Structures are given as C-alpha cells and as structure tokens.
Amino acid sequence: MAGVKIGIIMGSQSDWSTMREAAQILDELGLSYETKIVSAHRTPDRLWEYGKTAVARGLQVIIAGAGGAAHLPGMMASKTRVPVIGVPVQTRALSGVDSLYSIVQMPKGFPVATMAIGAAGAANAGLMAAAILANSDADLAQRLDAWRAALSASIPDEPTDD
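Remember, it's a predicted structure, so these values are computed and weren't measured experimentally.

## Brief notes about the side chain of Ser12
Among the structural elements, Ser12 can be located in the loop between strand S1 (6-10) and helix H1 (16-28). Reaching out from Ser12, the side chain makes a polar contact with the side chain of Ser14 at a distance of 2.9 Å. Discounting chain neighbours no more than four positions away, the residues touching Ser12 are Ile37 and Arg42.

## A closer look at the sheet that holds strand S4 (residues 84-89)
Strand order in the open sheet formed by five strands is S2-S1-S3-S4-S5, and the pairing between neighbours is parallel. One side of each edge strand has no neighbouring strand; the edge strands of this open sheet are strand S2 (33-37) and strand S5 (113-114). This element, helix H4 (residues 97-104), spans strand S3 (61-67), S4 and S5 of the sheet and lies at about 160° to S4. Sitting on the sheet, helix H5 (residues 119-134) touches S1, S3 and S4, and the angle it makes with S4 is about 175°.

## A few points about H5
The α-helix advances 3.6 residues per turn, and as a result positions three or four apart in sequence lie on the same side. End to end, H5 covers 23 Å across 16 residues, agreeing with the expected 22 Å (1.5 Å per residue, within 8%). Packed against the buried residues of H5 are S1, H1, S3, S4 and helix H6 (138-153).

## Topic: the packing of H5 against H6
Interhelical geometry of H5 versus H6 gives an angle of 140° and a closest axis separation of 8 Å. If you check the angle between H5 and H6, you find them oblique. Handedness of the crossing formed by H5 with H6: left-handed. Of the residues in H6, those touching H5 at Leu127, Ala130, Ala131, Leu133 and Ala134 are Leu140, Ala141, Leu144 and Trp147. Looking at side-chain class alone, the contact of H5 with H6 contains nine nonpolar, no polar and no charged residues.

Thresholds, definitions, all that
Residues numbered from 1 in each chain as written. Predicted model: local features only at pLDDT ≥ 70, side-chain atom pairs only at ≥ 80, totals over all residues. Heavy atoms only, no water. Helix = DSSP H or I, 4+ residues; strand = E, 2+ residues; numbered from the N terminus. Polar contact = N/O pair within 3.5 Å; in protein donor to acceptor, adjacent residues only side chain to side chain. Contact = heavy atoms within 4.5 Å. Pairing = 2+ DSSP bridges. Axes fitted to C-alpha atoms, helices over the stretch in contact; angles between N-to-C directions. Expected span 1.5 Å × (residues − 1). Parallel < 35°, antiparallel > 145°, perpendicular 65-115°, else oblique. Left-handed = near helix turned anticlockwise from the far one by under 90°. Nonpolar A, V, L, I, M, F, W, Y, C, P; charged D, E, K, R; others polar.

If you want it as structure tokens, here you go:
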C-alpha cells in the first residue's frame, strides 16, 4: 500500500480481536495502515524483514500487539528506528500481566511505548500513532483535536437514570 505510514502487527491471528481496536481508531481518523501477523517466535525471518524494511517502506509508527511472552514489540524495536507502540494482549493464564511485563521491561537503548493491557491499550495505541503523525500533519492534527473534543462532549455533566 503506497503512502502507508502505520503498521499494525500482531503475534497471532487471535490477537486481531484486540488489535482491531487500533485499526478502528485509525479508520475514524482517516489514516491508512497495514496489518500483518509477525510472530517473534514462529516467524522470526518475517519479523527481521519487516523491521529491516520499515523505514524504506515509509512506515513512521509501528503498533505491535502480543500476548504471553510478548517479545514482538521489543524485538521489532531492536530491528528499526521507527517508533514502536506495544500493546499487551490479555492472556488466560495471567490476564495480560505477563504480556505487560514482557513489553514494558525493555533494556536501555530499545524503547517501546507501552499501552494498557487489552482493547483500551490497542485503542490508545491508535491514538498515540495518530498523535505522533499529527506533529507534522496539520490536517490530521485538526481531525485528532475534533475526535478528542467529540469524546469530551459525549460525557454528560450529570449522571442519568437509565
């Protein structure tokens, strides 16, 4: 896809139910993106190639979601200078705390901007990617400001009885 500046990658098909939240935010903001399954453990050559070619392909932000050992965001950060936003996917065994720790505990030199566990984290990753790009795109900055204003306007002043 020509002109795509955002990559959404995930460790497995099952992660898409979480990572779809990032895609939906990007859709709302009119941003194009690519989606790929890139497993740090099962498809390491695919991970290497994706990271190695990210800059040349024009990516400016990578959103990487993974669960369990969750090495994908950190390994991707080690292969490219493109900013990586990590999304810890919720797991059955440890409710995503394992994913969070794996992503947030990066060694010096390979930062990953780490979001909250699960769907809220994926949505925020989409917003963070948009905010990064909005620094050099005035039209996007206006769309992001309008999105945020609409969110604020949707919150009532007082509680209501449903």
